[in-house]
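Here are the chains, one letter per residue:
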Amino acid sequence: MREMTLEGLKNKKILLFGKPRAFNHEEFLYQIQECKIELVGQYNENVAFIVEGKLITPYEQNDFDALYEAGLKEKFITINELENLLIKNIDEDALLMSLKLSHDKERLFAYIKNSQINDTLFLKLIKLYDWQNEGFFDNDENRDVTAALISRFYENIERNHNVQYATLGLMHLVEQSNNSDLIEVITGLEPLKKGVSNQSLYAILLSISKNKNTPDVVLKMLLKNGSLEIKKIIALREGLDKSLQTILFSLNEVIINEALCENADLDETLVTKLQEIFPEIIAEHIKLNDALFDLFLPKTPNSLANNRSLTCKMQETLLALANKETILTLCENQTLCEEVAQMILSLGDDELNIALFSNTVVKEQTLREAYLDEKNHLSLAQNPKTPVDILQILVNSKELEVLKALCKNPRTPVELLYELRLDQRLDRLVSENEAFGNHIKTENIGWQS
């Protein structure tokens, strides 16, 4: 076999055994004519390439083998090689214009099912498809087009048998996709227009609204036509564009405004408008700067203490207020600075220490010292940073709450979780432990929840 180029094929004669693979027969003939290639019915010395197609008949196979044995193997190429070159030669704009003007549904259908064309062209083609005002799987053609869409983009499709023939497959495709163009095209497909009233399709819209790669143009469309639930999901999106926040605020819905206030990226213009109604929610969730910290410090110090964007300096300011409730909240903040944690420990307050010992920022040596006092055992059982040797001792505790905390702790060794699971009171909690679930999947064994 020799390396082929399109230029090397032009004005040449080829002999095809069998049938095309990527194209139907009519499209194949059209494409080789476009490339100035002549298809002949039998071999002669002017034949430049002998093409091995699919579905070769027994009679063709005899002639094919005879030519190979005659020393012509240098002329042999596969149908895949030939069709890949033909596909690369396609003028996409001309093809799309031709399909729009001709309304040739069969030709469009054939191209959509052609797995050799690139993803960009496929997405342009599927936007031209007429779904006949029916659903994704309501007729044979719609089903095949939907299957082609899912099969092309679904990750590990070979492990998910027949997922391309189910609405659930389309939902999972959206969930896993990081392709914003794909999400935009799927959102614009005619069957999804009924998504709000159709429960199975509504699940797809929910997946679209949750996907972090969904482009703003799609989010804007969902804000116009989506349900209150979808609008709330969008209001909570990380990095939500200011213009979309403004649209959401203009809806004048309490639920939506409350969700906006939970958004760490809430626009400061909206902070001004919403701070009097939801000061605690904003203070807890907003990405803080010095101005915002100073704004909420007199009003809602306890909510500020929950904020995960607090700097060490801000935490020290809250600690300096000497308010027990505020400090307790700080103790539970998983972004607590280590030096602030040490300041709290130095206060010598048992209640504060118990709260603090469940926080992952506390040093290992401090946790080991805390173990010596039984009142700290529950906090240590909850802390994913507690040393394993201490967790192994705590499994012998007589306190049910300590055992429950161990069941939930992702740091608890699997062998201890198996032991805890023997207690019927703890079985469900172990089942819900993510680390235990991952172990089960790794070991490929099943268990009943």
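Our subject in this report is the structure included herewith. Quick caveat: nothing in here was measured; it's all calculated off a predicted structure. (Residues numbered from 1 in each chain as written. Predicted model: local features only at pLDDT ≥ 70, side-chain atom pairs only at ≥ 80, totals over all residues. Heavy atoms only, no water.)

## What about the environment of Lys-113?
The cut-off we apply is this: Numbering of helices and strands runs from the N terminus, with a helix taken as a DSSP run of H or I at least four residues long and a strand as a DSSP run of E at least two residues long.
Mapped onto the fold, Lys-113 is located in the loop between helix H6 (105-112) and helix H7 (119-126). Separated by 33 residues in the primary sequence, Lys-113 and Thr-146 place their C-alpha atoms 9.8 Å from one another.

## What to know about the packing of aromatic side chains
Here is the rule: Two aromatic rings, drawn from Phe, Tyr or Trp (for Trp, its six-membered ring), form a pair once their centres lie within 6.5 Å of each other, and the interplanar angle then sorts them: stacked below 30 degrees, edge-to-face above 60, tilted otherwise. Only protein chains enter the accessibility calculation, which uses a 1.4 Å probe; a residue is then buried when its area is under 20% of its type maximum, exposed when over 50%, and partly exposed in between. When the NZ atom of lysine or the CZ atom of arginine is within 6 Å of a ring's centre and also within 35 degrees of its normal, the charge is said to sit over that ring.
Per the stated rule, a full pass over the model turns up eight aromatic pairs. Measuring from ring centre to ring centre gives 6.2 Å for Phe-23 and Tyr-111, while their planes differ by 80°; the resulting arrangement is edge-to-face. With Phe-23 in the loop between strand E1 (13-17) and helix H2 (25-34) and Tyr-111 in helix H6, this residue pair connects regions lying 88 residues apart in the sequence. Like Phe-23, the residue Tyr-111 is buried in the burial classification. An angle of 80° between the planes, with centres 5.3 Å apart, marks the rings of Trp-131 and Phe-136 as edge-to-face. Residue Phe-136 is classed as buried on the basis of its relative accessible area of 3%. In this structure an aromatic cluster arises from ring pairing among Phe-17, Phe-64, Tyr-68 and Phe-76. Its end group placed over the ring of Tyr-30, Arg-107 keeps NZ or CZ at 5.0 Å from the ring centre.

## Observations regarding the state of the cysteines
As used here, a disulfide is simply a covalent bond connecting the sulfur atoms of two cysteines. Cut-off, in case you're wondering: When two cysteine sulfur atoms are found within 2.5 Å, that pair is recorded as a disulfide.
On inspection of all chains with the given rule, the structure shows one disulfide. Between the sulfur atoms of Cys-312 and its disulfide mate Cys-337 the distance is 1.9 Å. Torsion about the S-S bond of the Cys-312 and Cys-337 cystine: about -95°, corresponding to left-handed handedness. Taken together, the positions of Cys-312 in helix H20 (residues 312-320) and Cys-337 in the loop between helix H21 (324-332) and helix H22 (338-345) put the pair 25 residues apart, joining distant regions of the chain. We note that Cys-331 lacks a disulfide partner, and the nearest cysteine sulfur, in Cys-337, lies 13 Å from it.

## Describing the sheet that holds strand E2 (residues 38-40)
Within a sheet, adjacent strands bond to each other through the backbone by hydrogen bonds, running parallel or antiparallel. So the rule is basically this: Here, strands pair whenever DSSP counts at least two bridges between them. Every axis in this analysis is a line fitted to C-alpha atoms, fitted for helices over the stretch in contact. Angles between the N-to-C directions lie between 0 and 180 degrees.
Read across the sheet, four strands follow the order E2-E1-E3-E4 without closing on themselves; strand pairing throughout is parallel. Each edge of the open sheet carries a strand with a single partner, namely E2 and strand E4 (76-78). When the angles between neighbouring strand axes are averaged without regard to direction, this sheet yields 35°. One ladder, built from three bridges, connects strand E3 (residues 47-52) with E4; its direction is parallel. Note that in E4 the partner of Glu-52 across the bridge is Thr-78.

## Some thoughts on the environment of Asp-63
Relative to the assigned elements, Asp-63 resides in helix H3 (residues 58-69). Accessibility expressed as a relative area gives 46% for Asp-63, which makes it partly exposed. Taking the C-alpha atoms as reference points, Asp-63 and Asn-46, separated by 17 residues in sequence, lie 17 Å from one another.

## A few points about H21
Worth spelling out the cut-off: We call two residues in contact whenever any of their non-hydrogen atoms come within 4.5 Å of each other. Under the rule applied, a polar contact is a pair of N or O atoms within 3.5 Å (in protein, one hydrogen donor and one hydrogen acceptor; residues adjacent in sequence only if both atoms are side-chain atoms).
Residues of H21 that are buried include every one of Thr-326, Ile-327, Leu-328, Thr-329, Leu-330 and Cys-331, and no others. Residues of H21 that are buried make contact with helix H19 (301-305), H20, H22 and helix H23 (350-356). Capping of H21 at its N-terminal end is provided by Asn-323; its side-chain oxygen lies 3.0 Å from the backbone amide nitrogen of Glu-325.

## Side note on the pattern of salt bridges
Heads up, the condition is: Take a side-chain nitrogen of Lys or Arg and a carboxyl oxygen of Asp or Glu: if they are within 4 Å of each other, that pair is a salt bridge.
In total, this model carries 20 salt bridges according to the counting rule given. A salt bridge links Asp-389 to Arg-368, with the shortest nitrogen-to-oxygen separation between them at 2.9 Å. Of the two residues, Asp-389 is situated in helix H26 (residues 388-394) and Arg-368 in helix H24 (residues 364-371); the sequence distance between them amounts to 21 residues. On the basis of relative accessible area, Arg-368 is assigned to the partly exposed category, the value being 30%.

## Focus: the packing of H20 against H21
Heads up, the condition is: Gly is put with the polar residues, along with every residue not named as nonpolar or charged; the nonpolar set is Ala, Val, Leu, Ile, Met, Phe, Trp, Tyr, Cys and Pro, and the charged set is Asp, Glu, Lys and Arg.
Contact pair H20 / H21: the axes reach a minimum separation of 8 Å and the direction vectors enclose 145°. From H20, Gln-315, Leu-318 and Leu-319 reach across to H21, where they touch Thr-326, Ile-327 and Leu-330. Classifying every residue of the contact of H20 with H21 by side-chain character gives four nonpolar, two polar and no charged.

## Concerning the pairing of E3
The side chains of a regular strand alternate between the sheet's two faces. Inclusion rule: We call a crossover right-handed when, viewed with the strands running away from us, the connection from the first strand over the helix to the second turns clockwise.
Among the six residues that make up E3, five are buried, leaving the element largely enclosed by the rest of the structure. Sheet analysis places E1 next to E3, joined by five bridges and oriented parallel. Residue pairing in the sheet places Leu-16 in a bridge with Val-51 of E3. In this fold, E3 hands off to H3, which returns the chain to E4; that crossover is right-handed.

## Brief notes about the pairing of E1
By the criterion of burial, E1 is predominantly enclosed, with four of the five residues buried. At this point the chain moves from E1, through H2, to the parallel E2, and the crossover so formed is right-handed.

## Some details on the packing of helix H9 (residues 167-176) against helix H11 (residues 199-210)
Note the following rule: Roughly parallel means an angle under 35 degrees; roughly antiparallel means over 145; roughly perpendicular covers 65 to 115; every other angle is labelled oblique.
Running from N to C, H9 and H11 cross one another at 5°; their axes reach a closest spacing of 8 Å. For the element pair H9 / H11, the angle class is roughly parallel. Here Thr-167, Leu-170, Met-171, Val-174 and Glu-175 of H9 lie close against H11, whose contacting residues are Ser-200, Leu-201, Ala-203, Ile-204, Ser-207 and Ile-208. In the contact of H9 with H11, the residues fall into seven nonpolar, three polar and one charged.

Remember that the coordinates give geometry; whether it matters functionally is a separate question.
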